[in-house]
Amino acid sequence: DTAVSQTPKYLVTQMGNDKSIKCEQNLGHDTMYWYKQDSKKFLKIMFSYNNKELIINETVPNRFSPKSPDKAHLNLHINSLELGDSAVYFCASSLVDTQYFGPGTRLTVL
Amino acid sequence: DQQVKQNSPSLSVQEGRISILNCDYTNSMFDYFLWYKKYPAEGPTFLISISSIKDKNEDGRFTVFLNKSAKHLSLHIVPSQPGDSAVYFCAASATDSWGKLQFGAGTQVVVTP
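Note that the structure is predicted; figures quoted are calculated from it, not measured.

A. Main features of the pattern of salt bridges. Residues and elements named next belong to chain A. If you walk through the whole model with that rule in mind, you get seven salt bridges over all chains. With its nearest N and O atoms 2.7 Å apart, the salt bridge here joins K71 to D30. Of this pair, K71 sits in the loop between β7 (64-70) and β8 (73-78) while D30 sits in the loop between β3 (19-25) and β4 (31-37), placing them 41 residues apart in sequence. Of the residues examined, K71 reaches a relative accessible area of 36% and is grouped as partly exposed.

B. Up close: the side chain of K38(B). Tracing the backbone through its elements, the reader meets K38(B) in strand β4 (residues 30-38). No salt bridge is formed by the buried K38(B). Its closest oppositely charged neighbour is E42(B), at 7.8 Å. For K38(B), the side chain forms a polar contact with the main-chain oxygen of E42(B), separated by 3.0 Å. Excluding residues within four positions of it along the chain, K38(B) makes contact with Q37(A), F90(A), G43(B), P44(B), A86(B), V87(B) and F89(B).

C. Focus on the interface of chain A and chain B. At the interface, 22 residues of chain A touch 20 residues of chain B. Taken together, the two surfaces of chain A and chain B that pack against each other cover about 1,600 Å², and 64% of this comes from carbon and sulfur. Looking at the side of chain A facing chain B, the largest losses of area belong to F42(A), L43(A) and F101(A), adding up to 29% of the total buried there. At the boundary of chain A and chain B, one finds one salt bridge. Among the ionic pairs, E58(A) bridges to K100(B), the shortest N-O distance being 3.2 Å. Between chain A and chain B we count five residue pairs in polar contact (both at pLDDT 80 or more) in total. Of all the elements in the fold, those that place two or more residues in the side of chain A that touches chain B are β4, β5 (43-50), β6 (53-57) and β10 (99-101) of chain A. By residue class, the composition of the side of chain A that touches chain B is twelve nonpolar, five polar and five charged.

D. A look at the nonpolar core. With 24 residues, the main nonpolar core has F33(B), W35(B), L73(B), L75(B) and Y88(B) as its most contacted residues. For this core, the element with the highest residue contribution is strand β9 (residues 86-94) of chain B, accounting for five residues. Ignoring sequence-local partners within four residues, the contact set of Y88(B) consists of Q6(B), L21(B), W35(B), Y36(B), K37(B), L47(B), L75(B), I77(B), G106(B), T107(B) and V109(B). In this structure, L11(A), M32(A), I78(A) and L107(A) belong to the second largest nonpolar core, which totals 20 residues.

Conventions used here
Residues numbered from 1 in each chain as written. Chains lettered and ligands numbered in written order. Predicted model: local features only at pLDDT ≥ 70, side-chain atom pairs only at ≥ 80, totals over all residues. Heavy atoms only, no water. Salt bridge = Lys/Arg side-chain N within 4 Å of Asp/Glu carboxyl O. Helix = DSSP H or I, 4+ residues; strand = E, 2+ residues; numbered from the N terminus. Buried < 20%, exposed > 50% of the residue type's maximum accessible area, 1.4 Å probe, protein only. Lys, Arg positive; Asp, Glu negative; His and termini not counted. Polar contact = N/O pair within 3.5 Å; in protein donor to acceptor, adjacent residues only side chain to side chain. Contact = heavy atoms within 4.5 Å. Buried area = accessible area lost by both parts, 1.4 Å probe. Nonpolar A, V, L, I, M, F, W, Y, C, P; charged D, E, K, R; others polar. Core = buried A, V, L, I, M, F, W, Y, C linked by side-chain atoms within 4.5 Å.

Okay, structure coming up:
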């Protein structure tokens with residue numbers, strides 16, 4: 001009964017490829033987020049959706065496109081992957097103030 | 001522009017003793033603060049939070065103190081246990097920021113027997 005789940009956990013791919021990371025939450029939360037943890041271990045927000053509507057869009061290359069088919073899912077699609085996209089990506093969800101995180105997806109671009 | 005700072009990258013403490021983790025912030029609009037714990041290859045796990053209308057919140061072995069005038073908060077863990085060994089992140093948000101959390105860089109805590 002995982003609260004926030006992500007697939008895949010590990011993703012290794014070549015530069016230039018397109019890949020997707022999926023996130024699902026079974027907490028009944030209205031808001032979902034994507035964070036990136038870079039090589040310096042900082043966690044930085046990328047996007048947030050509330051009831052399937054985009055509410056936060058940080059300065060992220062437009063190669064990154066979030067998609068929310070319903071309020072329990074927020075997927076992240078990345079086009080034309082670059083070496084600098086290698087990081088751990090975390091999905092999170094919240095009802096009010098407290099965010100609950102998924103286990104992360106480690107993306108390695110070769 | 002790091003608005004949340006954890007200036008101690010690591011902390012070593014003996015089992016049974018108190019762990020004190022510190023966090024400073026620069027944005028006076030922050031009104032909600034959280035601590036997360038993270039084990040390797042896992043996502044951050046919510047530990048405890050505090051609203052800016054309070055100066056202390058306690059949950060079992062964990063207590064968070066907030067000093068708004070100093071823009072400083074701390075997490076106390078008493079007594080420390082070996083399972084507390086993890087990276088601890090401080091995070092903050094402002095009411096008008098749609099839940100955008102700003103994270104500190106984290107403090108690695110090692111609890112020794």
